[in-house]
Amino acid sequence: MQTKEIVKTLPASILKGAAANLAIQALGKNLNKKTFLPTLLVGAVGGGLSCLSDDKYLSTLIAASVFGGGNALANKASFPRTMLKYAAIGTAGRLMLNIPAAVGKINGDWKTEWQMCQIPN
């Protein structure tokens, strides 16, 4: 990724990371007064680092790993286990988001092949 592209997308990535990590902590019922600011900071760092990769799977893995490691420290939980859990959940989520696009592409290819195989009247 070129520097211009990174500079353009970095603020949005930081905000998305902070929002995503707040949601993750809230869903896990770990968000409180003590963990609010560390959660925002970890989310911003994870979002910023994920912006550096062109590959959407690698960027998701980076962000989820940072979220997991940072949240483990903020929540005083097991660091390696929590980091691996967040990385697995983030990657699985990214894969699930890609299912509709993959199905649409497959269906589009089948329709094209079917139309090519039909005999004209």
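All values reported here derive from a predicted model rather than from experimental measurement. (Residues numbered from 1 in each chain as written. Predicted model: local features only at pLDDT ≥ 70, side-chain atom pairs only at ≥ 80, totals over all residues. Heavy atoms only, no water.)

1. Digging into the overall build of the chain
A count of helical and extended segments in the chain gives four helices and zero strands. Ordered by position in the sequence, the α and β elements of the chain form the string α-α-α-α. The burial tally for the chain puts 27% of its 121 residues in the buried class. Within the chain, residue pairs in contact and separated by at least 24 positions form 57% of the contacts whose partners lie at least 6 positions apart. Carbon and sulfur atoms form 69% of the exposed surface of the chain, whose accessible area is close to 8600 Å². (Helix = DSSP H or I, 4+ residues; strand = E, 2+ residues; numbered from the N terminus. Buried < 20%, exposed > 50% of the residue type's maximum accessible area, 1.4 Å probe, protein only. Contact = heavy atoms within 4.5 Å. Areas by Shrake-Rupley, 256 points an atom, 1.4 Å probe, with all protein chains shown as cover.)

2. Let's talk about helix 2 (residues 33-50)
An α-helical segment advances 3.6 residues per turn. Residues three or four places apart therefore align on the same side. Under the 1.5 Å per step criterion, the end-to-end length of helix 2 is 26 Å for 18 residues, consistent within 8% with the ideal 26 Å. The set of residues buried in helix 2 consists of Thr-35, Thr-39, Val-42, Gly-43, Gly-46, Gly-47, Gly-48 and Ser-50. Looking at the buried residues of helix 2, the elements they touch are helix 1 (3-27) and helix 3 (56-75). The N-capping residue of helix 2, defined by a side-chain oxygen 3.0 Å from the backbone nitrogen of Lys-34, is Asn-32. (Expected span 1.5 Å × (residues − 1). Polar contact = N/O pair within 3.5 Å; in protein donor to acceptor, adjacent residues only side chain to side chain.)

3. Quick word on the environment of Leu-22
Topologically, Leu-22 is positioned in helix 1. With sequence-adjacent residues up to four places away left out, Leu-22 is seen in contact with Leu-31, Phe-36, Thr-39 and Leu-40.

4. A word on the layout of surface pockets
One number sums up the size of the largest pocket: a volume of about 680 Å³. Of all the secondary-structure elements, those providing two or more residues to the lining of the largest pocket are helix 1, helix 2, helix 3 and helix 4 (79-117). With nine residues, the top contributor of residues to the lining of the largest pocket is helix 3. Within the lining of the largest pocket, the residues separate by chemical class into twelve nonpolar, 14 polar and four charged. (1 Å grid on protein atoms, 1.4 Å probe; cavity = no way out; pocket = protein on both sides within 12 Å on 5 of 7 lines; lining within 4 Å. Points joined across faces, edges and corners; volume = space filled by probe spheres on them. Nonpolar A, V, L, I, M, F, W, Y, C, P; charged D, E, K, R; others polar.)

5. Quick look at the environment of Gly-48
Within the secondary structure layout, Gly-48 lies in helix 2. Expressed as a C-alpha distance, the spacing of Gly-48 and Leu-15, which sit 33 residues apart in the sequence, is 8.7 Å. If we skip the residues at most four places from it in the chain, Gly-48 touches Leu-10, Ser-13 and Ile-14.

6. Some words on the confidence of the model for the chain
Here the chain averages 80 in pLDDT, while 82% of its residues score no lower than 70. In the model of the chain, helix 4 stands out as the element of lowest mean pLDDT, 70, in contrast to helix 2, which has the highest, 91. (pLDDT = per-residue confidence, 0-100.)

7. Considerations on the side chain of Ser-59
For Ser-59, the location among the structural elements is in helix 3. When near neighbours in sequence (up to four residues on either side) are disregarded, Ser-59 contacts Ser-50 and Ser-53.

8. Focus: the environment of Leu-73
Secondary-structure assignment places Leu-73 in helix 3. Under the relative-accessibility criterion, Leu-73 is labelled exposed at 61%. In the structure, Leu-73 is positioned 34 residues away from Thr-39 in sequence and 10.0 Å away in space, judged by C-alpha atoms.

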